[in-house]
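Tertiary structure, described
What follows is each chain in one-letter form.
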Amino acid sequence: HRDLHSFPTRRSSDLLFCPHLTSRPVWPSDEICELLERNVDMFRGEFAGIDPNQYLVDARDHANGLTDGRNWTVFPFYDGFANLQVDNARKCPRIAEFLDGLAGVGSMGCMAFFSIMNPQTHVPPHTSASNTRVRYHLGIEVPERDIHLRIHDQRITWKQDRCIKIDDSFEHEVFQQSDRRRVVFVLDVPHPELCPEEVEFLQEFMRCTTGVDLPRA
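Summarised in this report is the structure supplied together with it. (Residues numbered from 1 in each chain as written. Predicted model: local features only at pLDDT ≥ 70, side-chain atom pairs only at ≥ 80, totals over all residues. Heavy atoms only, no water.)

Okay, the sheet that holds strand E10 (residues 163–166) next. Strand pairing within a sheet occurs via backbone hydrogen bonds; the two strands may be parallel or antiparallel. Here six strands make up an open sheet; going across it, the order is E3-E10-E7-E12-E5-E4 and the pairing antiparallel. The strands lining the two open edges of the sheet, one partner per strand, are strand E3 (26–27) and strand E4 (72–79). Both strand E7 (residues 133–141) and strand E12 (residues 182–190) contribute to a ladder of eight bridges, which runs antiparallel. Pairing of Arg-135 across the sheet is with Asp-188, part of E12. (Pairing = 2+ DSSP bridges. Helix = DSSP H or I, 4+ residues; strand = E, 2+ residues; numbered from the N terminus.)

On to the sheet that holds strand E11 (residues 172–176). Spatial strand order, E6-E11-E8-E9: four strands in an open sheet with antiparallel pairing. The strands lining the two open edges of the sheet, one partner per strand, are strand E6 (121–126) and strand E9 (154–156). Neighbour-to-neighbour, the strand axes of the sheet open up by a mean angle of 15 degrees, direction not taken into account. (Axes fitted to C-alpha atoms, helices over the stretch in contact; angles between N-to-C directions.)

Within the largest apolar cluster, 31 residues are counted, with the highest numbers of intra-cluster contacts made by Phe-43, Phe-77, Leu-99, Phe-114, Phe-185 and Leu-187. Ignoring sequence-local partners within four residues, the contact set of Leu-187 consists of Ile-32, Leu-36, Leu-99, Leu-102, Val-105, Met-111, Ala-112, Val-134, Arg-135 and Tyr-136. Counting residues in each nonpolar core, the second largest holds 18 residues, with Trp-72, Val-74, Phe-113 and Val-186 among its members. (Core = buried A, V, L, I, M, F, W, Y, C linked by side-chain atoms within 4.5 Å. Buried < 20%, exposed > 50% of the residue type's maximum accessible area, 1.4 Å probe, protein only. Contact = heavy atoms within 4.5 Å.)

The phi angle at Gln-120 is positive, at roughly 60 degrees, despite the residue not being glycine. Take Gln-120: it is sitting in the loop between strand E5 (111–117) and E6. Under the relative-accessibility criterion, Gln-120 is labelled exposed at 54%. One non-glycine residue, Asp-161, lies in the positive phi region at around 70 degrees. Locating Asp-161 in the fold gives a position in the loop between E9 and E10.

See the structure below:
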C-alpha cells in the first residue's frame, strides 16, 4: 500500500491522510454530478414525502458544536459506519435503489443523507476526519441569495438542481443567512484514485480503530 498517515496537517489535527491522493477543495463536475442532476426530480419528490418530525440531529455534529439541534438536521440513508437506515430507505425506495447501484456507497466512512438547514444559520469552521472520500451536494431547495460555503480559500454556493463536488477534509463553514431553508442531498464515495486493495485496507483500518464491523469491500 502507498503511504497512509494519521498526523496533524493544515486541515485537521486527527486526520487520516493519504498523501498520494489528488487534493483540492472543490472538484470539477464529473459523471456522478451529472447522474445526480439527471435524477434531481426523483430526490426532490421523495424528500417531499418525508415527515419533518423524522429529521434527526447528527450526534457527532451536535457534540462538536456544529448544530444546536434546531438549525441543522438530517435524514440519513447511510450513517458513515456502513449502516443502511432501513426504515428511511423504505420511505424513499427509489433513492434506496439508486444508492444500491453506486459502487462504494456506505463504505469506509461514506455517508448519504438529506441535509436540512434553517434560515439564519452559521455552521462554524470544521473538517471531516479523512481525505479518502469525496463529497457531492445536490441542490434540492436552494435560496437564491444570502447563502454560501467557504471551503479552504474558496467561496462557493449551491444552485437549484445542480451538484457540487468537494473534499470536506479541507476546513469549511456555512453561512445560511437567507429567509428560506436550504436542502441538499449529500453523497460520499471513496476517492476515485483509491484502488480496490486500498479501499479494503481502509475498511480494515476503520474496523480496528472504531470497533464497527464494516462490510468487506
